[in-house]
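Residues per chain are reported as follows:
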Amino acid sequence: MLQINNLHAEVDGNKILRGINLTIKPGEVHAIMGPNGSGKSTLSYVLAGKDDYEITEGEILFKGEDLLDMEADERAAAGMFLAFQYPIEIPGVATMTFLRTAMNAQRKARGEEELNTPDFMKIVKQKAAELNVTADMLKRPLNVGFSGGEKKRNEIMQMALLEPSMCVLDETDSGLDIDALRIVSEGVNALRGPDRGMLVITHYQRLLDHIVPDVVHVMSAGKIVKSGGKELALELEEKGYADYVNAA
Amino acid sequence: MTAQPTNMQTQAEKALLEILGGQPLTGAREIAAGRLRESGLPHRRVEEWKYTDLRAYLKDFPTLADQSGAVLTREPLVPADVSLQVVNGHAQSVPGELPDGVSISVAKTDNGTAFHTKPSTTVDLNTALSNGGYSIAISKADKVPVIFIDHIVDGTEAVTAAFRHSITVESGANATLVERFSGPSDVAYLVSGGLSAFVGDGAFLTHTRVVNEGPQSSHLGAIGARLGANATYEPFVMTLGSYLVRTDVHLTFEGEHSHGGVRGATLIKGDEHTDMTLEVDHAAPNCTSIEQFKSVIDGRAQAVFQGKIMVKQIAQKTDAKMMSQGLLLSENGEFLNKPELEIFADDVVCGHGATCGDLDDNLLFYLLSRGIPRPVAETMMVQAFVSEAIEDTEQPEIIEALEAMVEDWLATRQA
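Parameters at a glance
Residues numbered from 1 in each chain as written. Chains lettered and ligands numbered in written order. Predicted model: local features only at pLDDT ≥ 70, side-chain atom pairs only at ≥ 80, totals over all residues. Heavy atoms only, no water. Pairing = 2+ DSSP bridges. Helix = DSSP H or I, 4+ residues; strand = E, 2+ residues; numbered from the N terminus. Axes fitted to C-alpha atoms, helices over the stretch in contact; angles between N-to-C directions. Contact = heavy atoms within 4.5 Å. Buried area = accessible area lost by both parts, 1.4 Å probe. Salt bridge = Lys/Arg side-chain N within 4 Å of Asp/Glu carboxyl O. Polar contact = N/O pair within 3.5 Å; in protein donor to acceptor, adjacent residues only side chain to side chain. Parallel < 35°, antiparallel > 145°, perpendicular 65-115°, else oblique. Left-handed = near helix turned anticlockwise from the far one by under 90°. Nonpolar A, V, L, I, M, F, W, Y, C, P; charged D, E, K, R; others polar. Buried < 20%, exposed > 50% of the residue type's maximum accessible area, 1.4 Å probe, protein only. Lys, Arg positive; Asp, Glu negative; His and termini not counted.

Turning our eyes to something else, we now look at the sheet that holds strand 10 (residues 197–201) of chain A. Backbone-to-backbone hydrogen bonds pair the strands of a sheet. The strands run either parallel or antiparallel. All names here are of chain A. A sheet is described by the order of its strands in space; here six strands give the open sequence 6-9-10-3-11-12, paired in mixed fashion. Strand pairing shows two members of the sheet lacking a second neighbour, strand 6 (80–83) and strand 12 (223–228), which therefore form its edges. Adjacent strand axes in the sheet meet at a mean angle of 20°, parallel and antiparallel pairs treated alike. Examined bridge by bridge, strand 6 and strand 9 (residues 166–170) share four bridges and lie parallel to one another.

As structure tokens, then:
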């Protein structure tokens with residue numbers, strides 16, 4: 001599904017990623033944990049195709065194709081999805097218009113038929129209800145005036161609607177209360193499936209109680225310094241990152 | 001030997017003087033013409049024209065159009081109760097049946113005086129050259145009338161179309177006025193389009209002006225409005241560029257507790273130049289005004305916004321907020337923004353803001369990351385930028401018409 005080989009990336013001359021190796025197979029959920037500034041968010045942006053990063057070495061293969069060769073919108077159409085740590089507010093763009101444009105753009109890029117209004121409304125209403133996204137939120141401009149929890153629920157709803165094959169969740173748990181964390185996690189778990197890979201980036205083991213990963217990686221100073229099973233997250237929670245920061 | 005400094009007259013100035021000399025003028029027209037004869041066309045050393053050097057821009061001043069008889073069939077911009085047409089500056093006949101509370105006649109010259117008394121070249125040209133226009137009076141009725149005036153320049157000859165309408169919305173009455181301006185694409189015609197509006201006590205006027213002239217034309221628009229007490233005037237000026245567009249808006253608060261919502265959107269490309277010059281005069285206490293303008297600039301186009309809010313000493317408790325924002329879609333576009341506040345009262349809330357930037361990369365990336373292709377994402381963002389000013393309009397039909405024009409403009413931009 002996703003294969004990252006020796007990935008180096010920098011921004012404004014600062015080396016952020018220094019040789020990431022990571023392989024995610026269909027159906028697997030991987031978690032990346034690590035201290036602040038270790039490059040976790042950079043990795044997520046590089047995967048989604050943000051312009052600000054310069055790739056100096058390495059490659060990313062997504063379903064066997066060169067991901068770095070694709071524009072951000074092409075990556076999305078190919079099945080890559082990033083749930084933002086800080087979802088962007090876009091005044092003047094109604095959430096519904098945005099959702100419909102995104103869904104139909106992806107369908108068009110894949111050569112599928114565009115959704116008509118009744119079908120679109122039906123799907124949105126169903127997914128919105130599952131994630132506690134109210135009709136009022138759908139009417140408002142995208143993310144404008146949404147609380148932190150509402151923004152994150154909106155991200156997961158988009159993920160459910162776009163049905164990507166590779167989901168990258170960048171600190172989706174940050175800013176969530178206990179109930180919101182449960183709703184968001186249930187939304188993510190509902191999308192787990194044999195054909196879908198997931199990369200969950202988080203600071204806290206708490207999220208991984210809800211979204212149980214197959215593999216946990218520890219990232220420090222732009223490298224993956226240790227990988228293990230879900231018990232690694234518990235160990236980190238107890239001991240902290242100190243051992244790994246020094247190791248890197 | 002002493003040298004007398006004389007200004008070289010430009011071709012346009014010579015032509016203008018010829019036009020002014022060719023007709024007998026009296027009263028306000030003669031005063032305005034006198035000022036034009038005296039100082040010629042304004043240039044960049046005149047503060048109000050610093051960014052729109054009219055002397056340099058106007059290559060010629062075409063002769064005034066003769067009476068034109070042809071009434072053209074066009075779809076109104078929005079469904080209207082009264083549909084009027086001005087062809088080559090001449091108001092066509094008024095429909096026989098008018099809705100309750102609406103009376104309209106065709107006035108000759110001296111039609112409306114709601115402008116500031118301070119001389120303004122845009123207004124002087126209109127005063128001196130106008131051959132009249134519609135004189136509209138609205139009294140209180142059950143239904144709010146929608147009046148549409150379509151201004152068309154027609155033909156293959158370069159002409160000057162000059163006219164001035166007046167509208168009086170009487171006490172407690174409510175009206176919607178929609179104006180559209182258009183003309184041929186291959187003729188360098190000139191339009192001097194005036195509107196004088198009196199909004200009476202407790203009256204409400206919604207006014208939309210769409211300037212969508214031919215690419216070679218020059219449009220000099222003048223809007224003057226005076227508000228009584230508890231009155232509301234909500235103008236929206238949509239400018240799609242041509243060679244030159246300058247619109248002067250004068251708003252005067254004469255009674256207490258009135259509100260002005262002055263908004264506009266400008267979309268320009270190529271070598272187009274637009275100038276929105278606004279002067280809001282708070283001359284009575286307890287009035288509020290909002291000024292909100294959006295300019296989208298592509299190519300080598302240049303947009304100017306000059307907005308002045310004047311708060312007279314008597315106008316305590318004034319609340320005025322002005323915001324002008326530019327969005328640059330190209331490296332070579334230019335946005336010149338000059339907000340001014342002149343405040344002589346001490347208990348007021350006044351603010352102004354001006355921004356200028358290109359499309360926000362973070363917003364763009366968010367849309368791209370959801371699979372929306374770049375051209376579509378850019379269109380969505382420009383629409384969103386402009387919509388902020390449009391969506392405060394009360395009538396959904398007008399919002400829809402304006403948004404459709406934005407969409408068309410964006411489609412031609414990317415084509």
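Here we come to the interface of chain B and chain A. The parts lose accessible area when they come together, and the size of an interface is often stated as this lost area. Tallying the contact residues gives 15 residues for chain B and 31 residues for chain A. Here chain B packs against chain A, burying approximately 1900 Å² in sum over the two surfaces, 71% of which is carbon and sulfur. One can count two salt bridges joining chain B with chain A. Between R370(B) and E155(A) there is a salt bridge, with its nearest N and O atoms 2.7 Å apart. For the pair chain B and chain A, the number of links is eight residue pairs in polar contact (both at pLDDT 80 or more). Looking at the side of chain B that touches chain A, the elements with two or more residues in it are helix 5 (361–368) and helix 6 (374–390) of chain B.

Quick look at the packing of helix 5 of chain B against helix 6 of chain B now. Residues and elements named next belong to chain B. Taken N-terminus to C-terminus, the directions of helix 5 and helix 6 make an angle of 130°; their axes are 9 Å apart at the nearest point. Accordingly, the angle class assigned to the pair helix 5 and helix 6 is oblique. Note on packing geometry: the crossing formed by helix 5 with helix 6 is right-handed. Contacts between helix 5 and helix 6 pair L363, L364, L367 and L368 from the former with R374, A377, E378, M380 and M381 from the latter. A class-by-class count of the residues in the contact of helix 5 with helix 6 yields seven nonpolar, no polar and two charged.

Moving on, we come to the side chain of D170(A). Residue and element names in this part refer to chain A. Mapped onto the elements of the fold, D170 is located in strand 9. No salt bridge is formed by the buried D170; the nearest opposite charge belongs to K40, separated by 7.1 Å. In this view, D170 contacts S41, S44, L82, A83, F84, Q85 and I201; residues no more than four positions away in its chain are not counted.

Another aspect to go through is the sheet that holds strand 8 (residues 190–199) of chain B. Residue and element names in this part refer to chain B. Within the open sheet, the nine strands sit side by side as 3-4-6-8-10-12-14-16-18. Their pairing is mixed. On the outer flanks of this sheet lie strand 3 (102–107) and strand 18 (334–343), each paired with one strand and no other. On average, each strand axis in the sheet is tilted by 10° relative to the strand beside it, whichever way the strands run. Two strands pair when backbone bridges link them, and strand 12 (residues 244–253) and strand 14 (residues 273–282) are joined in this way by 10 bridges, in the parallel orientation. Opposite L251, over in strand 14, you have V280 as the bridge partner.

All names here are of chain A. Even without a glycine there, the phi angle at D12 is positive, about 50°. Looking at the element boundaries, D12 is found in the loop between strand 1 (2–11) and strand 2 (14–24). Judged by its relative accessible area of 76%, D12 falls in the exposed class. With a phi angle near 45°, E163 is a residue other than glycine that sits in the positive phi range.

The next point concerns the pattern of salt bridges. This model, assessed by the stated rule, comprises 29 salt bridges over all chains. Salt-bridge contacts for D347(B) lead to K317(B); the nearest nitrogen and oxygen are separated by 2.8 Å. Remark: K317(B) occurs in the loop between strand 16 (302–311) and strand 17 (319–328) and D347(B) occurs in the loop between strand 18 and strand 19 (349–357); sequence separation between them is 30 residues. For D347(B), a relative accessible area of 36% corresponds to the partly exposed category. Salt bridges sharing common partners tie together D136(A), R140(A) and E150(A).

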